[in-house]
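Each chain, written out:
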Amino acid sequence: MNTEHKPKAVIVIFGATGDLAKRKLFPSIYRLHRSKKIDSDFAVVGVGRRPWTNEEFRSNVSDSIQSSIKQSSELDEFASHFYYHPFDVTNPSSYLELKGMLSELDGKYGIPGNRMFYMAMAPEFFGTIARNLKSEGLTATEGWSRLVIEKPFGHDLPSAQELNDEIREAFSEDQIYRIDHYLGKQMVQNIEVIRFSNALFESVWNNRYISNIQVTSSEVLGVEDRGRYYENSGALRDMVQNHLMQMVALLAMEPPIKLETDEIRSEKVKVMRALRPLTEKDVPDYFVRGQYGKGESEDVSVPGYREESNVDPESNTETYVAGKLMIDNFRWAGVPFYIRTGKRMTAKSTKIVVQFKDLPMNLYSNDVDSKHPNLLVIHIQPDEGITLHLNAKEAGGGSYVKPIKLDYCSNCVDQFNTPEAYEKLIYDGLRGDATNFTHWDEVSLSWSYVDTISKAWETHKAEFPNYAAGSMGPKAADELLEKDGFHWWPITDMVD
Ligand SMILES: NC(=O)C1=CN([C@@H]2O[C@H](COP(=O)(O)OP(=O)(O)OC[C@H]3O[C@@H](n4cnc5c(N)ncnc54)[C@H](OP(=O)(O)O)[C@@H]3O)[C@@H](O)[C@H]2O)C=CC1
Ligand SMILES: O=C1O[C@H](COP(=O)(O)O)[C@@H](O)[C@H](O)[C@H]1O
């Protein structure tokens, strides 16, 4: 992989007056600037329809990062690299003006025509923008041009395919960086390192030693002000098709022959191809959906999903999904990968629990505490680290066994230097490292898997609401594991 050390580019943000730009993109660019990971000569051009001036745009940028800067001169210097260009992206004639502006900025900062076009807008605009960038010559420079695309990448396989065809008319696959922000998370990136740099784990990472793997991504927040988007998405499209399936792929893939983008992607694709296909009839045996009703969240009474704004009072949209994925290959035959995600659950937590099989014979079977299986827990967020659950002899006489934990907390050691997911991904995009972005093959396979589930759910109305806000989801999700002889490991206070 030939990546730049200290990239130098103009970043064009389409949707620069929006929420994502302010909450995630500006602070990430600031952190890259402060840590000198990008060249000090850089420029950011913001596009939106609002008739802002450069000064108004810069003041919005400053607001987004103010809390992390002590000196106003530093803030002013950083914000001075930001320029605003108001136009409606559906208007082709405005792209020529943008082109002129980018050339000027290349000259002013000595940038060799490198451009990152970041689509922080609704997906219906992605194809139009890509086409206009190409037809108006904004990508024809001496340097590189890359297109960063936010989720959702389509609504199902046909719409994702259509979108992909549109952007592929203007950009080649290796110029397209599809964001899945979970791939930018420190501990998601650590999955590969934990697996492939520890003989202890890789030698037992298969169906002979692992009984099941559980991936949980729970949220305390409800749908907030995103009802309009979420009604057409639901937890399956919003979280499972992308973040959860990506984590499963990283957990299940074979070691790549090299740590190179194409090699890693190709191993992830093989996992997705090995997923046991479901028919609509199979769906109830493998997947459970839920929708929150009113309840108590962190000691406050909160409304049910159907009472949220921009949500149909009869909504059939799921805010919770639990599922069992089977990977029918030599390594994983017979090992269920359980996943669950939901809004308005008990805690904000993303965790992976790898449960190892019991020993063939238990010498300590008279001991009530001795039945604890070995677990490897990968804490993705909010805590970052790993815990290994083992059994050891209790101090004192006798041979009593007690469960013990070996803990490594990554963000306790380096709390302030852990890069935020978007910071990491923007940096990778600027360096030309596409490893932590999703290839079209992964996107299409995950849509094809998920589409069967959504079709089954669209044709049968669910009995919603079926879990109270502030709980861990519907009872049926527990039964999904119980029928296989397992249970969900709690996401807080696992074993003391
Ligand atoms: N917000 C978040 O946390 C996350 C967002 N995303 C994705 O990021 C994208 C953006 O989300 P978000 O920032 O929340 O959305 P917002 O609604 O906050 O922002 C939309 C942006 O698009 C601009 N815009 C809309 N129509 C036009 C147009 N015709 N021409 C030019 N500009 C236009 C708006 O500018 P103006 O109003 O000035 O016209 C605004 O800057 C979406 O794809 C979303 O799914 C993904 C993950 C998380
Ligand atoms: O992509 C999304 O992710 C967030 C959860 O992200 P996290 O980093 O806070 O775990 C989720 O709230 C949102 O609905 C979804 O679109």
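Not measured: the values here are computed from a predicted model. (Residues numbered from 1 in each chain as written. Chains lettered and ligands numbered in written order. Predicted model: local features only at pLDDT ≥ 70, side-chain atom pairs only at ≥ 80, totals over all residues. Heavy atoms only, no water.)

**Student:** Even after reading the chapter, I still don't get the overall build of the protein, so can you show me in this structure?
**Tutor:** Looking only at helices and strands, the protein features 16 helices and 18 strands. For 496 residues, the compact-globule formula gives about 23 Å, and the C-alpha radius of gyration of the protein, at 24 Å, lands near that figure. In the protein, which comprises 496 residues, the proportion classed as buried is 57%. For the protein, restricting intrachain contacts to residue pairs at least 6 apart in sequence, the fraction spanning at least 24 positions comes to 78%. Carbon and sulfur atoms make up 50% of the accessible area of the protein, which totals about 22100 Å². Side-chain charges of the protein comprise 56 positive and 73 negative groups, with the mean position of each set lying 2 Å from the other. (Helix = DSSP H or I, 4+ residues; strand = E, 2+ residues; numbered from the N terminus. Rg over C-alpha atoms; globule rule 2.2 N^0.38 Å. Buried < 20%, exposed > 50% of the residue type's maximum accessible area, 1.4 Å probe, protein only. Contact = heavy atoms within 4.5 Å. Areas by Shrake-Rupley, 256 points an atom, 1.4 Å probe, with all protein chains shown as cover. Lys, Arg positive; Asp, Glu negative; His and termini not counted. Charge placed at Lys NZ, Arg CZ, Asp CG, Glu CD.)

**Student:** Explanation requested: the site of ligand 2 in the structure shown.
**Tutor:** Lining the immediate surroundings of ligand 2 are Lys 151, His 181, Tyr 182, Lys 185, Glu 219, Arg 226, Asp 238, Met 239, His 243, Lys 343, Lys 348 and Gln 381. The contact in question runs from an oxygen atom of ligand 2 to an N or O atom on the side chain of Lys 343, over 2.9 Å. Contact between ligand 2 and Gln 381: an oxygen atom at 2.7 Å from a side-chain N or O atom of the residue. Its free accessible area being 390 Å², ligand 2 has 81% of it covered by the protein chains. Here the shell around ligand 2 gets 3 residues from one element, more than from any other, and that element is helix H10 (residues 234–252). A breakdown of the residues in the shell around ligand 2 according to their chemical character gives 2 nonpolar, 3 polar and 7 charged. (Near = heavy atom within 4 Å. Polar contact = N/O pair within 3.5 Å; in protein donor to acceptor, adjacent residues only side chain to side chain. Nonpolar A, V, L, I, M, F, W, Y, C, P; charged D, E, K, R; others polar.)

**Student:** It is not clear to me how the confidence of the model for the protein should be interpreted in this structure. Could you clarify?
**Tutor:** Interpretation of the predicted coordinates at a detailed level should be avoided for regions scoring low in pLDDT. Scored by pLDDT, the protein has a mean of 94; 95% of the residues are at 70 or more. Listed scores for the predicted complex are pTM 0.95 and ipTM 0.97. (pLDDT = per-residue confidence, 0-100.)

**Student:** Sorry, what's going on with the site of ligand 1 here?
**Tutor:** Around ligand 1, 21 residues are found, and the nearest of them are Thr 17, Asp 19, Arg 23, Arg 49 and Met 121. Between an oxygen atom of ligand 1 and a side-chain N or O atom of Arg 50, the distance comes to 2.8 Å. Within the side chain of Asp 88, one N or O atom sits 3.0 Å away from a nitrogen atom of ligand 1. Protein chains shield 78% of the accessible area of ligand 1, which is 890 Å² for the free molecule. Counting residues per element, the shell around ligand 1 draws most heavily on helix H1 (residues 19–34), at 3 residues.

**Student:** So what exactly am I meant to see when it comes to helix H5 (residues 126–135) here?
**Tutor:** Note that an α-helix has 3.6 residues per turn; residues three or four places apart therefore point the same way. When you tally the buried positions in H5, you get 7 out of 10 residues, the bulk of the element. Following H5 by one or two positions, Gly 137 adopts a phi angle in the positive range, close to 80°.

**Student:** Sorry if this is basic, but what is going on with the sheet that holds strand S1 (residues 10–14) here?
**Tutor:** Strand pairing in a sheet relies on backbone hydrogen bonds. The paired strands run either parallel or antiparallel. What the 6 strands build is an open sheet, ordered S3-S2-S1-S4-S5-S6; its pairing is parallel. The sheet is open, and its two edges are formed by strand S3 (82–86) and strand S6 (176–178), each paired on a single side. Here the average twist between neighbouring strands, direction ignored, is 20°. The strands touched by H5 within the sheet are S1, strand S4 (115–119) and strand S5 (145–149), with S4 carrying the most contacts at an inclination of about 160°. (Pairing = 2+ DSSP bridges. Axes fitted to C-alpha atoms, helices over the stretch in contact; angles between N-to-C directions.)

**Student:** Any chance you could explain the packing of aromatic side chains here in plain terms?
**Tutor:** Each aromatic ring pair is specified by the distance between its two centres and by the angle formed by the two planes. Under the defined criterion, the tally for this structure stands at 20 aromatic pairs. Each ring, one from Phe 26 and one from Phe 82, has its centre 5.7 Å from the other, and the planes form 90°; the classification is edge-to-face. Taken as a pair, Phe 26 in helix H1 and Phe 82 in strand S3 lie far apart in primary sequence, 56 residues in all. With a relative accessible area of 0%, Phe 26 lands in the buried category. Among the residues examined, Phe 82 registers a relative accessible area of 0% and is labelled buried. (Phe/Tyr/Trp six-rings, centres within 6.5 Å; stacked < 30°, edge-to-face > 60°.)

**Student:** Help me out: how do you make sense of the packing of helix H2 (residues 54–65) against helix H3 (residues 72–79) in this one?
**Tutor:** Orientation of H2 relative to H3, taken along the N-to-C sense of each, is 130°, at an axis distance of 10 Å. By the angle between their directions, the pair H2 and H3 is classed as oblique. Handedness of the crossing formed by H2 with H3: right-handed. The residues of H3 that touch H2, namely those facing Arg 58, Val 61, Ser 62 and Ile 65, are Leu 75, Phe 78 and Ala 79. The residue inventory of the contact of H2 with H3, partitioned by class, reads 5 nonpolar, 1 polar and 1 charged. (Parallel < 35°, antiparallel > 145°, perpendicular 65-115°, else oblique. Left-handed = near helix turned anticlockwise from the far one by under 90°.)

**Student:** Can you help me understand the environment of Asp 180 in this one?
**Tutor:** Following the sequence through the fold, Asp 180 ends up in the loop between S6 and helix H7 (186–196). With relative accessibility at 2%, the residue Asp 180 sits in the buried group. In sequence terms Asp 180 and Ser 72 are 108 residues apart; their C-alpha atoms lie 34 Å from each other. Not counting residues within four places of it along the chain, the set of residues in contact with Asp 180 comprises Asn 242, His 243, Gln 246, Leu 425, Asn 436 and Thr 438.

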